[in-house]
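Structure assessment
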Amino acid sequence: MASVTHSSHWGAFTASDSGDELQITPFPGDPDPSPLLENLADTLRHPARVTQPMVRKGWLENGPGPDARRGADEYIAISWEQALDLAASELKRVADNFGPQAVFGGSYGWSSAGRFHHAQSQLHRFLNTTIGGYVRSVWSYSSAAACVILPHIVAPQDEIARRGVSWREIAEHSDIVLAFGGLALKNSQVASGGMSEHTERGYMRQAAARGATFISVSPLRSDLPQEAAGEWLPVRPGTDAALILALLHTLWREGLSDEAFLARYCTGWPMLVASLSGEQDGTVRDAAWAEAICGVPAEKIVALARRLHGKRVLVTVAHSLQRAQYGEQPVWLGLVLAAALGQPGLPGGGYAYALGALGHYGKAFNRVSFPALPQGANGVEDLIPVARIADMLLNPGEPFDFNGVRRRYPHIKLAWWAGGNPFHHHQDLARLRHAFCQLDTLIVHEHSLTATARHADLILPATMTLEREDIGGAPTDRYLFAMHPVAQPWGHARDDFAIFRDIAARLGREEAFTEGRTVREWLQHLYGQMQEKLTQEGVSTPAFDDFWREGILQLPQVDDGGRLMRRFRADPDAHPLPTPDGKIQIYSATIASFNYPDCPGLPVWLTPDEQPDAQHPLWLIANQPATRLHSQLDYGRHSAQHKKQGKEVCTMHPIDAAARGIDEGAIVMLHNTRGAVLAAVRIADDIMPGVVQLPTGAWYDPVDPLAQRPLCRHGNPNVLTRDIGTSSLGQGCSGQITVVQVSLFTGDVGEVQAFAPL
Ligand code: PGD
């Protein structure tokens, strides 16, 4: 088969299918291609692929309804005709009897890079055009807490993260990049929609060569790449807010805070000073106070504050910091620190929330973005913050607080998932399973037998991106790619679009869903919309057929870096921020008016309710993996090669390992009240003592799926993480950290079964 262009969230490439494996060549314009491309090589015909529609035996025999066997039942292979009929009639039953507000279509997940076959958008469009809507989820597992708080205190996240300070400015202007949570390349190597040029490593190298200093504040040394030639400031997990308060205290106490900036551009600094100084409640938030919380020696905190003064400083806060209880606080305090240093709006200075957390951030923008698939109108008002899915299913009708509004959880009968893996992304998986057992029906489209598919009542086999045509592109990627099919669909897999089209037909809504277009016609239509906008901007583009043949199109860009802040700094009266008084909110009257004890009107240090204790003395960091995107293609070569004895690898400090008689490579059990997880151990001093790290993404493989406290023999840390919202404000995912004990494991629980066919 000839080599064709294609794209993924982790890079563009050309590929040909030799029958045994894919030959993949990274896009030649990529200066630093991602090794994740290797994961694609031998996945097309892997036994973990879903090859035909399946129905859960208990659901088929007993009909829809709550069922505690989900996750442990048998499956029966059925024809597409039967599967489509079952899906259509069940959707009709629920919609007719309970309305679209009984259908959960949130379907969170990253799916694949092509913009037309974006599975979640296809599902939304399908539900809107067939039954008039669905209960949706808002924000993301990545950054829900930040998405909610940033508009209150400065501007929408997009302005501060995507259109904030650019990597080019850092390379040219920053003296110090103070990175809370670091700037790990494993995170910035991916961007939803695609990322053809990986430039972060080069920019860090360039900045370091010019003399810029990167300081990574994190429990893990690996959060900063070697190219940055930076410094590591170890901090206890989840305590950055205390550290930043102490930095602010030192700046204020020593007269190093930029009072002119704070007075002109900010609201509430005197109130924060009252809190820092102890005037407010008798607690002085100084370096000694913070040392006891965050573990950074007081003299180091003071020295760091002094060192920041007078420099061009960029403060960054990684997504991971806000994926924890009270995660809104470090997001807020990072901004306050940048303001106290007088930096916002200066080239290479200020605050770049989430820089390095995704390949989108710190980049130039395309003048025109490739359009999304239109999703139609959703007639249902009910929504949940995305990470409250289990709460919703377990507490129908109950009230919950979210961003100043008290809402009620809807009564959901049917959940439909396409392009996501909640048994990867959600916390406390035993609780999640219990929640899914309350449903009448769970329908899942997947190309692979993930744990989510293994809990479904109907599994509908979807094509992989490699098996269909699409267009890949992101607003921050100057190249648009024609994604040609590399192989025929495996087994009986069908595109999500085709599946929805055929179900819509059974409901008499095919035309409404497809608008009479085939896939190719949709691609031409969307391309035409982009072309039209570019023509209005005076830019001519090739005809669709030429683009399709060429496989790649370079788009014109604008350098948006720091636009909003720069204008604001230049003239805050003419260019106020989109906050109530147009200034940076060090105190937010709006947030204060919500009266949330877990997110008051001033940024604070709040002690998380979960702390290490005698039973669970270690912090666990459950962060993003380096060897795959989330859980995608976990059976792929790169991911598999980095496991040991078929298990995910967890990192431990030599002191903690020695105290437990654990040697390098041993199989250990990480456990807490929610469950247990096996992993192979790597012992290294690039992690703080008292902390273990186990990345997310190894497919959930419970030895007994029905256990109240499951044991995952593969290494999915979300068995252990806690399913609570960050606060009443953001209600974000708080899965980044939890507490565990680690013990040597010598039992026999058999081989990992996560990738076995059903
Ligand atoms: P993915 O593994 O990307 O994870 O959670 P998310 O659900 O996005 O899942 C996408 C799924 O879509 C895969 O199973 C893939 O096979 C499937 N898929 C791909 N293409 C297609 C397609 O065309 N059609 C269909 N039907 N399916 C397709 C990620 C989420 O996890 C995120 S974004 C974050 S930031 C969170 N991170 C953490 C964390 O740091 N720590 C913890 N503890 N938990 C987290 N969870 C969150």
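Up top is the structure these notes are about.
Numbers given to residues run from 1 along each chain, matching the order in which its sequence is written. Where totals are concerned, whole chains, interfaces and linings use all residues; where local detail is concerned, this predicted model gives features only for residues with pLDDT of at least 70, and gives and counts side-chain atom pairs only at 80 or more. Excluding hydrogens and water, the side-chain values take into account all heavy atoms of the structure.

**Observations concerning the site of the ligand**
Stated precisely, the cut-off is as follows: Residues are counted as near a molecule or strand when any one of their heavy atoms sits within 4 Å of it. We call two N or O atoms a polar contact when they sit within 3.5 Å, provided that within protein one can donate a hydrogen and the other can accept it, with sequence-adjacent residues counted only if both atoms are side-chain atoms. The method behind every accessible area is Shrake-Rupley, applied with a 1.4 Å probe, and residues are considered shielded solely by the protein chains displayed. The helix count covers DSSP runs of H or I at least four residues long, the strand count covers runs of E at least two residues long, and both are numbered beginning at the N terminus. Polar here means any residue outside two lists: the nonpolar Ala, Val, Leu, Ile, Met, Phe, Trp, Tyr, Cys and Pro, and the charged Asp, Glu, Lys and Arg; Gly therefore counts as polar.
Taken together, 34 residues are adjacent to the ligand, and Arg-323, His-425, Glu-446, Arg-468 and Ser-631 come closest. Separating an oxygen atom of the ligand from a side-chain N or O atom of His-447 is a distance of 3.1 Å. In isolation the ligand offers 920 Å² of accessible surface; the protein chains occlude 99% of this area. Only α17 (422-425) and β19 (441-446) provide two or more residues apiece to the shell around the ligand. Counted by class, the shell around the ligand contains six nonpolar, 24 polar and four charged residues.

**Some remarks on the packing of helix α2 (residues 80-98) against helix α19 (residues 496-506)**
Selection rule: Between the N-to-C directions of two axes lies an angle of 0 to 180 degrees, each axis being a line fitted to C-alpha atoms and, for a helix, fitted only over the stretch in contact. Here a crossing is called left-handed whenever its near helix is offset anticlockwise from the far helix by less than a right angle, and right-handed whenever the offset is clockwise. Any two residues whose heavy atoms approach within 4.5 Å are treated as being in contact.
Two elements in contact, α2 and α19, have axes whose closest approach is 9 Å; the angle formed by their N-to-C orientations is 60°. Read as a crossing pair, α2 and α19 show a hand that is right-handed. Contacts between α2 and α19 involve Trp-80, Glu-81, Leu-84, Asp-85, Ala-87 and Ala-88 from the former and Ile-499, Asp-502, Ile-503 and Arg-506 from the latter. For the contact of α2 with α19, the residue count by class is six nonpolar, no polar and four charged.

**A closer look at the pattern of salt bridges**
To keep it simple, the criterion reads: Here a salt bridge means any side-chain nitrogen of Lys or Arg lying within 4 Å of a carboxyl oxygen belonging to Asp or Glu. Using a 1.4 Å probe on the protein chains alone, a residue whose accessible area is under 20% of its type maximum counts as buried, one over 50% counts as exposed, and one in between counts as partly exposed.
Following the criterion strictly, the structure yields 46 salt bridges and no others. Between Glu-200 and Lys-363 there is a salt bridge whose closest N-O contact spans 2.9 Å. Here the residue Glu-200 occupies a position in helix α8 (residues 200-210), and Lys-363 occupies one in the loop between β13 (350-353) and β14 (365-366), the gap between them amounting to 163 residues. Residue classification places Lys-363 among the buried positions, given a relative accessible area of 11%. Residues joined in a network through salt bridges with shared partners are Arg-56, Asp-67, Arg-69, Arg-70, Asp-73 and Asp-457.

**As for the side chain of Gln-343**
Looking at where Gln-343 falls in the secondary structure, it is placed in the loop between α15 (328-340) and β13. Filtering out sequence-adjacent residues up to four positions away, Gln-343 remains in contact with Lys-311, Arg-312, Val-313, Ala-338, Gly-349, Gly-350 and Arg-569.

**As for the sheet that holds strand β12 (residues 313-317)**
Note the following rule: Between any two strands, at least two bridges found by DSSP are needed for them to pair.
Taking strand neighbours across the sheet as the criterion, the five strands line up as β10-β9-β8-β12-β13 in an open arrangement whose pairing is parallel. The sheet is open, and its two borders are formed by β10 (231-233) and β13, each paired with just one other strand. The mean angle between the axes of side-by-side strands here comes to 20°, regardless of whether they run parallel or antiparallel.

**Focus: helix α4 (residues 144-153)**
Counting buried positions over the 10 residues of α4 gives nine, a clear majority of the element. When we look at burial in α4, the residues that qualify are Ala-144, Ala-145, Ala-146, Cys-147, Val-148, Ile-149, Leu-150, His-152 and Ile-153.

**Comments concerning the sheet that holds strand β21 (residues 470-472)**
With antiparallel pairing, three strands are arranged side by side in an open sheet as β21-β22-β23. Here the strands that pair on one side only, and so sit at the sheet edges, are β21 and β23 (552-554). For this sheet, the mean angle separating the axes of adjacent strands, direction not counted, is 20°. Across three bridges, β21 lies against strand β22 (residues 479-483) in antiparallel orientation. Following the sheet pairing, Gly-472 is matched in β22 by Phe-481. Its contacts with the sheet put helix α21 (residues 519-536) on β21, β22 and β23, and the angle it makes with β21 is roughly 35°.

**A look at the packing of aromatic side chains**
Basically, it comes down to this: Any Phe, Tyr or Trp ring, taking Trp's six-membered ring, that has another such ring centre within 6.5 Å forms a pair; planes under 30 degrees apart are called stacked, those over 60 apart edge-to-face, and the others tilted. The rule is short: NZ of Lys or CZ of Arg within 6 Å of the ring centre and within 35 degrees of the ring normal puts a charge over the ring.
Under the counting rule described, the total for this entry stands at 28 aromatic pairs. With centroids separated by 6.2 Å and ring planes inclined at 85°, the aromatic side chains of Phe-126 and Phe-513 adopt a geometry described as edge-to-face. You can see Phe-126 sitting in helix α3 (residues 119-131) and its partner Phe-513 sitting in helix α20 (residues 510-514), a full 387 residues away along the chain. Of the two residues, Phe-126 and Phe-513, both sit in the buried class. Relative to Tyr-409, the ring of Phe-400 lies with its centre 4.2 Å away and its plane at 15°, an arrangement referred to as stacked. Across this residue pair, the class does not change: Phe-400 and Tyr-409 are buried. In this structure an aromatic cluster arises from ring pairing among Phe-116, Phe-126, Trp-416, Phe-497, Phe-500, Phe-513 and Trp-522. Its guanidinium or amino end placed over the ring of Phe-365, Arg-163 lies 3.9 Å from that ring's centre, counting from NZ or CZ. Here Arg-285 stacks its cationic end above the ring of Trp-289, 5.8 Å away from the centre of that ring.

**What to know about the nonpolar core**
In globular proteins that are soluble, nonpolar side chains generally tend to be buried together. The test is simple: Each nonpolar core is a collection of buried residues, namely Ala, Val, Leu, Ile, Met, Phe, Trp, Tyr and Cys, held together in the definition by side-chain atoms within 4.5 Å.
Membership of the largest hydrophobic core comes to 158 residues, with the highest contact counts inside it found for Phe-180, Leu-248, Trp-269, Leu-337, Tyr-351, Tyr-353 and Leu-670. Setting aside residues up to four positions removed in sequence, Tyr-351 forms contacts with Leu-150, Ile-160, Val-165, Leu-314, Val-315, Val-317, Pro-330, Val-331, Gly-334, Leu-335 and Ala-338. Core analysis: the second largest hydrophobic core is formed by 52 residues, Trp-80, Ile-443, Phe-497 and Phe-513 among them.

**A look at the packing of helix α12 (residues 287-294) against helix α13 (residues 298-308)**
Short version of the rule: Any angle between 65 and 115 degrees counts as roughly perpendicular, while under 35 counts as roughly parallel, over 145 as roughly antiparallel, and the rest as oblique.
Where α12 meets α13, the closest approach of the two axes is 8 Å, and the angle between their N-to-C directions is 120°. Regarding the angle of α12 to α13, the classification is oblique. The two elements α12 and α13 meet at a crossing, and its hand is right-handed. Here Ala-287, Ala-288, Ala-290, Glu-291 and Cys-294 of α12 lie close against α13, whose contacting residues are Ala-298, Ile-301 and Val-302. Taken together, the residues of the contact of α12 with α13 sort by class into seven nonpolar, no polar and one charged.

**Quick notes on the pairing of strand β17 (residues 405-408)**
Here strand β16 (residues 399-402) runs beside β17; their pairing, made up of four bridges, is antiparallel. Across the sheet, the residue bridging to Asp-401 is Arg-406, located in β17. Where β16 folds back on β17, the antiparallel hairpin that results is connected by two residues, among which Asn-403 adopts a positive phi of roughly 50°.

**Quick look at the environment of Met-54**
Note that Met-54 resides in strand β4 (residues 54-56). Relative accessible area serves as the criterion here: at 13%, Met-54 is assigned to the buried category. If near-sequence neighbours (up to four positions away) are discounted, Met-54 is found in contact with Tyr-75, Ile-76, Ala-77, Ile-78, Asp-457, Leu-458, Ile-459 and Leu-758.

**What about the pairing of strand β1 (residues 4-8)?**
β1 sits mainly inside the fold: five of its five residues count as buried. Residue alternation in β1 divides its side chains into two sets, Val-4, His-6 and Ser-8 and Thr-5 and Ser-7, and both sets are buried. Sheet topology places β1 next to strand β2 (residues 11-17); five bridges connect them, and they run antiparallel. Across the sheet, the residue bridging to Val-4 is Ala-15, located in β2.

**Some thoughts on the environment of Ile-459**
Here Ile-459 lies in strand β20 (residues 458-461). With relative accessibility at 0%, the residue Ile-459 sits in the buried group. Between the C-alpha atoms of Ile-459 and Leu-629, which are 170 residues apart in sequence, the distance is 22 Å. Setting aside chain neighbours within four positions, we find Ile-459 in contact with Val-50, Gln-52, Pro-53, Met-54, Tyr-75, Val-444, Leu-449, Ala-453 and Leu-758.

**Remarks on the environment of Phe-180**
Among the structural elements, Phe-180 can be located in strand β8 (residues 176-180). Separated by 137 residues in sequence, Phe-180 and Val-317 place their C-alpha atoms 4.8 Å apart.

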